[in-house]
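This is what each chain is made of:
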Amino acid sequence: MKVLVTGGAGYIGSHTLIELDKAGFDFVVFDNLCNSSKQSLKRVEKIMGKSIDFVEGDIRDAKVLSDVFENYDIDSVIHFAGLKAVGESVAKPHMYYDNNINGTLVLCEVMKKYGCKKIVFSSSATVYGDPHTTPIREDFPVGATTNPYGRTKYFIEEILKDIYVSDNTNKIVILRYFNPVGAHESGTIGEDPNGIPNNLMPFISQTAVGKRECLSVFGGDYDTHDGTGVRDYIHVVDLALGHVKALQKIDSIDKVFTVNLGTGNGYSVIDMIKAFQKASGKKVPYKIVDRRPGDIAKCFADPSYANEVLGWEALRGIDQMCEDSWRWQSNNPDGF
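Predicted model only: the values in this text are computed from it and were never measured.

Engineer: Honestly, the sheet that holds strand S4 (residues 74-79) in this entry has me stumped. Any pointers?
Structural biologist: Pairing between the strands of a sheet is mediated by backbone hydrogen bonds and can be parallel or antiparallel. Here we have seven strands laid out as an open sheet, ordered S3-S2-S1-S4-S5-S6-S11, and parallel in their pairing. The open sheet has two edge strands with one neighbour each: strand S3 (53-56) and strand S11 (257-261). The average undirected angle you get between the axes of adjacent strands in this sheet is 20 degrees. Inspection of the sheet shows strand S2 (residues 27-31) paired to S3 by four bridges, in the parallel sense. Considered in S3, the bridge of Phe30 is made with Val55. Helix H1 (residues 11-22) contacts strand S1 (2-6), S2, S4 and strand S6 (171-177) of the sheet and is inclined by roughly 175 degrees relative to S2.

Engineer: How should I be thinking about the packing of helix H7 (residues 200-208) against helix H9 (residues 269-280) in this particular structure?
Structural biologist: Each pair of packed helices can be described by the angle between their axes along with the distance between the axes. Remark: H7 packs on H9, axes separated minimally by 11 Å, with the N-to-C direction vectors making an angle of 40 degrees. Considering the angle they form, H7 stands oblique to H9. Regarding H7 and H9, the two cross each other, and that crossing is right-handed. Contact residues: H7 offers Leu200, Met201, Ile204, Ser205 and Ala208, while H9 offers Val269, Met272, Ile273 and Phe276. Within the contact of H7 with H9, the residues separate by chemical class into eight nonpolar, one polar and no charged.

Engineer: Explain the sheet that holds strand S12 (residues 267-268) to me, please; I cannot follow it from the model alone.
Structural biologist: The three strands are arranged S12-S9-S14 in an open sheet whose pairing can be described as mixed. Among the strands making up the open sheet, the edge pair consists of S12 and strand S14 (298-299).

Engineer: What is the right way to read the layout of surface pockets from this model?
Structural biologist: Remark: the empty space left among the atoms is shown by a probe the size of a water molecule rolled over them. Considering only enclosed or pocket space, the second largest pocket measures out at about 300 Å³ in volume. What lines the second largest pocket is a set of 16 residues, among which Cys108, Lys112, Ile163, Ser166 and Asn170 lie closest to the centre. Breaking the lining of the second largest pocket down by element, the ones donating at least two residues are helix H5 (93-113) and helix H6 (148-166). At five residues, H5 tops the list of elements feeding residues into the lining of the second largest pocket. Taken together, the residues that form the lining of the second largest pocket break down as nine nonpolar, three polar and four charged.

Engineer: Before we go on, may I ask you to explain the pairing of S2 in this structure?
Structural biologist: A regular strand places its side chains so that they alternate between the two faces of the sheet. Burial analysis of S2 places five of its five residues in the buried class, the great majority of the element. Alternating positions in S2 separate into two faces, Phe27, Val29 and Asp31 on one and Val28 and Phe30 on the other, with burial throughout. One ladder, built from four bridges, connects S1 with S2; its direction is parallel. Bridging from a neighbouring strand, Leu4 pairs with Val28 of S2. Following the chain from S2 across helix H2 (residues 38-48) to the adjacent parallel S3, one finds a crossover that is right-handed.

Engineer: Before we go on, may I ask you to explain empty space enclosed by the protein in this structure?
Structural biologist: Applying the stated criterion across every chain yields a total of two cavities of 30 Å³ or more. Within this model, the largest cavity holds a volume of roughly 70 Å³. Around the largest cavity, the lining residues are Tyr11, Val181, Gly182, Glu191, Met201, Pro202, Ser205, Ser325, Trp328 and Gln329. Listed by contribution, the elements that provide at least two residues to the lining of the largest cavity are H7 and helix H11 (318-331). Classifying every residue of the lining of the largest cavity gives five nonpolar, four polar and one charged. Taken as a whole, the second largest cavity spans an internal volume of roughly 30 Å³.

Engineer: Looking at this structure, how should I read the nonpolar core?
Structural biologist: Across soluble globular proteins, nonpolar side chains show a tendency to be buried alongside one another. Among the nonpolar cores identified, the biggest contains 38 residues, and Leu17, Phe27, Ile52, Val120, Val173, Leu175 and Leu261 are the most heavily contacted of them. Among the elements that line this core, the one with the most residues is helix H8 (residues 236-249), at six residues. Residues in contact with Val120, not counting those within four places in the same chain, are Val77, Ile78, His79, Val173, Leu175, His243, Ala246, Leu247 and Ile250. Within the second largest apolar cluster, 27 residues are counted, among which are Leu107, Phe121, Leu160 and Ile172.

Engineer: It is not clear to me how the packing of aromatic side chains should be interpreted in this structure. Could you clarify?
Structural biologist: How two aromatic rings sit relative to each other is given by the distance of their centres and the angle of their planes. Under the defined criterion, the tally for this structure stands at six aromatic pairs. Grouped by ring-pair contacts, the aromatic residues Tyr97, Tyr154 and Phe155 constitute a single cluster. Here Arg212 stacks its cationic end above the ring of Phe203, 5.5 Å away from the centre of that ring. Lying across the ring of Phe257, Lys255 places its NZ or CZ 5.2 Å from the centre.

Thresholds, definitions, all that
- Along each chain, the written sequence defines residue order, and numbers are assigned to residues from 1.
- Owing to the predicted nature of the model, reporting of local features is limited to residues with pLDDT of at least 70; listing and counting of side-chain atom pairs is limited to 80 or more, with chain, interface and lining totals taken over all residues.
- Side-chain metrics in this entry use all non-hydrogen atoms of the structure; hydrogen atoms and water are not considered.
- Note on pairing: two strands pair once DSSP finds at least 2 bridges between them.
- Strands are runs of DSSP state E lasting at least two residues, helices are runs of H or I lasting at least four, and both sets are numbered from the N terminus onward.
- Convention adopted: a line fitted to C-alpha atoms gives each axis, helices being fitted over their contacting stretch, and angles between N-to-C directions are expressed from 0 to 180 degrees.
- Pairs of residues are marked as contacts when any of their non-hydrogen atoms sit within 4.5 Å.
- Roughly parallel means an angle under 35 degrees; roughly antiparallel means over 145; roughly perpendicular covers 65 to 115; every other angle is labelled oblique.
- Each crossing is labelled by how the near helix is turned from the far one, with a counterclockwise turn of less than a right angle marking it left-handed and a clockwise turn marking it right-handed.
- Residues are grouped as follows: nonpolar covers Ala, Val, Leu, Ile, Met, Phe, Trp, Tyr, Cys and Pro; charged covers Asp, Glu, Lys and Arg; every other residue, Gly included, is treated as polar.
- The rule is simple: put a 1 Å grid over the protein atoms alone, call a set of points where a 1.4 Å probe fits but cannot get out a cavity, call an open set with protein on both sides within 12 Å along at least five of seven lines a pocket, and count a residue as lining if it has an atom within 4 Å of a point.
- Grid points are joined across faces, edges and corners, and a volume is the space filled by probe spheres set on the points.
- Relative accessible area decides the class of each residue, using a 1.4 Å probe on protein chains only: under 20% of the type maximum gives buried, over 50% gives exposed, and in between gives partly exposed.
- By convention, orient the strands away from the viewer: a clockwise path from the first strand over the helix to the second makes the crossover right-handed.
- Here, nonpolar core means buried Ala, Val, Leu, Ile, Met, Phe, Trp, Tyr and Cys residues that are tied together by side-chain atoms lying within 4.5 Å of each other.
- Pairing of aromatic rings covers Phe, Tyr and Trp, the last counted by its six-membered ring, and requires centre-to-centre distances within 6.5 Å; plane angles under 30 degrees mean stacked, over 60 mean edge-to-face, and any other angle means tilted.
- Only when the NZ atom of a Lys or the CZ atom of an Arg is both within 6 Å of the ring centre and within 35 degrees of the ring normal do we say a charge sits over the ring.

What follows is the structure, encoded as structure tokens:
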């Protein structure tokens, strides 16, 4: 029996493969490589000491997906595949709705065809929109999202809930991520975005390594302790382990489980810059620029439910996040 990992060559996916292997799961990776690299899989193979079953394809292509189910004994799915840049989603909503929502519908249809009923979905804290208070619990209102990317995650969550209503033998876990950062401790895999980064940490690390002249901090007038946006940054390995825990528990669940994966700590952009400078010993020049469309002031989790239902908690703090990010970036200044 194998786990199908869609988007498994990406940043979170590649780290999850290592933890799945450690936990004894077999898997096959399905990825169209639009924002990832085959090189990441080669490096994962080196870390694991074994080869990876990989199929290149798009989740909107039912034929190629069906071939995977025909050729492998797929028991469950971890669904990472999706476009994820907030700013790009505002500029190109059609592309996001087509790729993320249509792709998930095709995947679910193929799963149904082959009797595969277990899925762990990669969702996001963006489904909460701009919360009235923090920390954010799973029972907070969702749907008032501030950008098309967040709406695709919200709509997919609703689709999965409807699929469960139609057949309650399905096993569905929705994981709402906060802000993944960090890298594998070996420094051989990490976040390698195409073009200009959309997330904070690769922008900080590329500036520290000299690849970029200056970090743009989007907004300095938010209602936070230093005026910059506050987020819950979670080490990517902790996040990967959340998926392992979800798969280990999925057979015993009897409803759609929706779980926050975060640390419960909120750090501002300036906090992260200072922590990274300490970890790297490098100066990170920055300038305050206009806010980005769709951004909010504060977003951090109450992670207690994840501990209760999955037995999971984030163990790696801000110093390790920055140290591991710097090790990856300094060893690989140009990425993969």
